[in-house]
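# Results of the structural survey
Listed here are the chains, written in short residue letters.
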Amino acid sequence: MTLAILLGVFWILQVAAAAAFKYGSLTEGQWTNFFIIGNVVGLSSTWLLMHFYAKMPPNVALSLSAGGAFLCSQLGLALLFHARPSALQWVGVTVILVGMLLVAGLGPSAGAK
């Protein structure tokens, strides 16, 4: 699989973990179940993170994985729970996205480790 697809899977797993934690906080009597689900899903994504570190420079791997996970989680939770980000929050999302693109485009060559 390409790194782009694996990054997408990583981001989806992070959104699923964040959603599980949020659902657990809303569902009385299900806190522990959703806590376990969120941790199993979130911890399993670390296998992908280690794969990224093996294939990319660490600064690029961390920027793309963590930055993308943050952005996807923000957008995913906003959609799932009908939150309306403010204009300033959208600016923050945009700044993070631009930062990810800059790190990916201006970082060391993909072959460096």
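Structure: above.
Quick look at the structure, then. Remember, it's a predicted structure, so these values are computed and weren't measured experimentally.

### A look at the overall build of the protein chain
- A tally of regular secondary structure across the protein chain gives five helices and zero strands.
- For the protein chain, the α and β elements follow one another from N to C terminus as α-α-α-α-α.
- Looking at the 113 residues of the protein chain, the share that counts as buried comes to 27%.
- Sequence-distant contacts, at least 24 apart, represent 77% of the contacts inside the protein chain between residues at least 6 apart.
- A total accessible area of about 7200 Å² is found for the protein chain, and carbon and sulfur atoms account for 74% of it.

### Here's the deal with helix 3 (residues 46-55)
- Of all the positions in helix 3, only Leu-48, Leu-49 and Phe-52 are classed as buried. Angular distribution of buried residues about the axis of helix 3 spans 105°; they occupy a single face of the element. Structural note: helix 3 exposes Trp-47 and Met-50 on the side pointing more than 90 degrees away from its buried face.
- The elements touched by buried residues of helix 3 are helix 1 (3-26), helix 2 (31-44) and helix 4 (58-80).

### Focus: unusual backbone geometry
- The backbone of His-82 sits at a positive phi, close to 55°, despite the residue not being glycine.
- Relative to the elements of secondary structure, His-82 occurs in the loop between helix 4 and helix 5 (87-106).
- A relative accessible area of 70% places His-82 in the exposed class.

### Examining the environment of Leu-80
- Topologically, Leu-80 is positioned in helix 4.
- On the accessibility criterion, Leu-80 (41% relative accessible area) is partly exposed.
- Distance in space between the C-alpha atoms of Leu-80 and Gly-68 is 18 Å, their sequence separation being 12 residues.

### Details of the side chain of Ser-73
- Relative to the elements of secondary structure, Ser-73 occurs in helix 4.
- The class of Ser-73 is buried, set by a relative accessible area of 12%.
- A polar contact of 2.8 Å, which involves the side chain of Ser-73, links it to the backbone oxygen of Ala-69.
- Beyond its immediate stretch of four places on either side in the chain, Ser-73 contacts Gln-14, Val-15 and Ala-18.

Rules of the game
- Residues numbered from 1 in each chain as written.
- Predicted model: local features only at pLDDT ≥ 70, side-chain atom pairs only at ≥ 80, totals over all residues.
- Heavy atoms only, no water.
- Helix = DSSP H or I, 4+ residues; strand = E, 2+ residues; numbered from the N terminus.
- Buried < 20%, exposed > 50% of the residue type's maximum accessible area, 1.4 Å probe, protein only.
- Contact = heavy atoms within 4.5 Å.
- Areas by Shrake-Rupley, 256 points an atom, 1.4 Å probe, with all protein chains shown as cover.
- Arc of directions from axis to C-beta.
- Polar contact = N/O pair within 3.5 Å; in protein donor to acceptor, adjacent residues only side chain to side chain.

Shape is all these values report; function is a separate question.
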